[in-house]
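Architecture at a glance
Each chain, written out:
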Amino acid sequence: MHKIPVTVVTGFLGAGKTTLVRHLLQNNQGRRIAVLVNEFGEVGIDGELLKSCRVCDDDEDPNANILELANGCLCCTVQEEFLPTMQELLKRRDRLDCILIETSGLALPKPLVQAFRWPEIRTGATVDGVVTVVDCEALANGQFVGNLDALEAQRQADDTLEHETPIEELFEDQLACADMVLLTKVDRVDLATQHRIQQWLQKELPTGVKIVPCKQGEISPDLLLGFNAAVEDNLDSRPSHHDTEEDHEHDEDITSIHVILDQTFDPAELVSRLQSLVQQYEIYRIKGFVAVLNKAMRLVVQGVGNRFDTFYDRPWQPDEPCQTRLVFIGRSLNSEQVFSALQKSTNAQPV
């Protein structure tokens, strides 16, 4: 049987990976797509968002085509988590046209791609391409990679610079492994800023890797799929900070906590409360579902830094609790402090 093509979608926290995959599923042009999402935290926010796309046939269970690996970073658990899941998917490859893997914001792409060299996977699947999603607005604000101009000046002045943060190294590894970069949220900056960021990114990318501006995840499947790159066969041309290490380590202080509240919230007041939390603690990402008073629909909240997006995605189902469920990803977070701050919200009401 043919090898099923696999597209790896990587990128930092809040860059827009889930929005991209969701749009692709809703505009699949007849493709039968399975999605493997590496959720970070015990509450499967990203997986639930994808399952609510309602793109599966009436007789098809979305749980069969959208799978979550929530027990750790995908590149760190390839043998324990990824391998058995891929083996199960490959048993169904006659009913699939392609597979998408959405990594967590903390995953390195290269160790994951290396797993496709294993005999258990190699004969049935190939990495069609690696797509790295980059947040244009975040870069414009100097988030995650620091000030662009200062960073560029430092790198040009000192080729032996060794004191980069783990987040910067991760960002560089994601760029180095990319077949294409999607620059998201370009509608939130002016054209001059967008062009400046694209020029800076192009210098950081391997020769020939294109940057495609994108907003709200709206991109044609024909552009996102079909690279035919067989990435696992040319990894030597995709350098990584961790190539000389037997194993790589992430910053163990970066953790996730989840909060479940039997309360409804006023959206504006809740966002204000979350923005205050971001100021008090080193929180990189907030995402989840919110119960809103007198609303039959579930509110999705996605935040990075002080920027928050909200939208109603679907009605609450009769068989699910109408709860507010939020995941916080950051450094040295204290769950009791976060929980207490949310409970103090003045407009919170018991469900």
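Examining the overall build of the chain
Secondary structure summary: the chain contains 13 helices and 14 strands in total. Scored against the burial criterion, the 351 residues of the chain give a buried share of 55%. When contacts within the chain are restricted to residue pairs at least 6 apart in sequence, those whose partners lie at least 24 apart make up 81%.

With respect to helix H12 (residues 267–280)
With 14 residues, H12 should reach 20 Å at 1.5 Å per residue; the first-to-last C-alpha distance of 20 Å fits that figure. Along H12, the positions that sit buried rather than exposed are Glu 269, Leu 270, Val 271, Leu 274, Leu 277 and Val 278. Packing partners of the buried residues in H12 comprise strand S10 (283–290), strand S11 (297–304), strand S12 (307–315), strand S13 (324–331) and helix H13 (335–343).

A few points about the confidence of the model for the chain
Considering every residue of the chain, the mean pLDDT works out to 77; 74% of them sit at 70 or more. When pLDDT is averaged over each helix and strand of the chain, the minimum, 46, is found for helix H8 (residues 148–157) and the maximum, 94, for strand S6 (residues 180–184). Between residues 150–155, whose pLDDT stays under 50, and residues either more than four places distant or in other chains, the model counts 10 contacts. Ignoring residues within four places in sequence, the model shows residues 246–250, a span with pLDDT below 50, making 10 contacts including any to other chains.

Details of the packing of aromatic side chains
By the definition in use, this model includes one aromatic pair. Measuring from centroid to centroid gives 6.4 Å for Phe 171 and Trp 200, while their planes differ by 20 degrees, and the two rings are stacked. Of the two residues, Phe 171 is situated in helix H9 (residues 166–176) and Trp 200 in helix H10 (residues 191–204); the sequence distance between them amounts to 29 residues. We note that Phe 171, like Trp 200, is buried. Between the NZ or CZ atom of Lys 295 and the centre of the ring of Tyr 312, over which it lies, the distance is 5.0 Å. The ring of Phe 289 has Arg 298 lying over it, and the distance from NZ or CZ to the ring centre is 3.6 Å.

What to know about the pairing of strand S2 (residues 33–37)
When you tally the buried positions in S2, you get five out of five residues, the bulk of the element. In the sheet, S2 pairs with strand S4 (residues 98–102) via five bridges, with the strands oriented parallel. Note that in S4 the partner of Leu 36 across the bridge is Ile 101.

Brief notes about the nonpolar core
Judged by nonpolar contacts, the single largest core of 24 residues is most densely connected at Phe 82, Met 86, Ile 99, Ile 101, Phe 116 and Ala 125. Among the elements of the structure, strand S1 (4–11), S2, helix H4 (78–90), S4, helix H5 (109–114) and strand S5 (125–135) are those that each provide at least two residues to this core. At five residues, H4 tops the list of elements feeding residues into this core. Every residue in contact with Ala 125, bar those within four places of it in the chain, is listed here: Lys 3, Ile 4, Val 6, Met 86, Leu 90, Phe 116 and Glu 232. Of all hydrophobic cores here, the second largest spans 22 residues; its members include Ile 257, Val 259, Val 278 and Val 290.

Basis of the calculations
Residues numbered from 1 in each chain as written. Predicted model: local features only at pLDDT ≥ 70, side-chain atom pairs only at ≥ 80, totals over all residues. Heavy atoms only, no water. Helix = DSSP H or I, 4+ residues; strand = E, 2+ residues; numbered from the N terminus. Buried < 20%, exposed > 50% of the residue type's maximum accessible area, 1.4 Å probe, protein only. Contact = heavy atoms within 4.5 Å. Expected span 1.5 Å × (residues − 1). pLDDT = per-residue confidence, 0-100. Phe/Tyr/Trp six-rings, centres within 6.5 Å; stacked < 30°, edge-to-face > 60°. Lys NZ or Arg CZ within 6 Å of the ring centre and 35° of its normal. Pairing = 2+ DSSP bridges. Core = buried A, V, L, I, M, F, W, Y, C linked by side-chain atoms within 4.5 Å.

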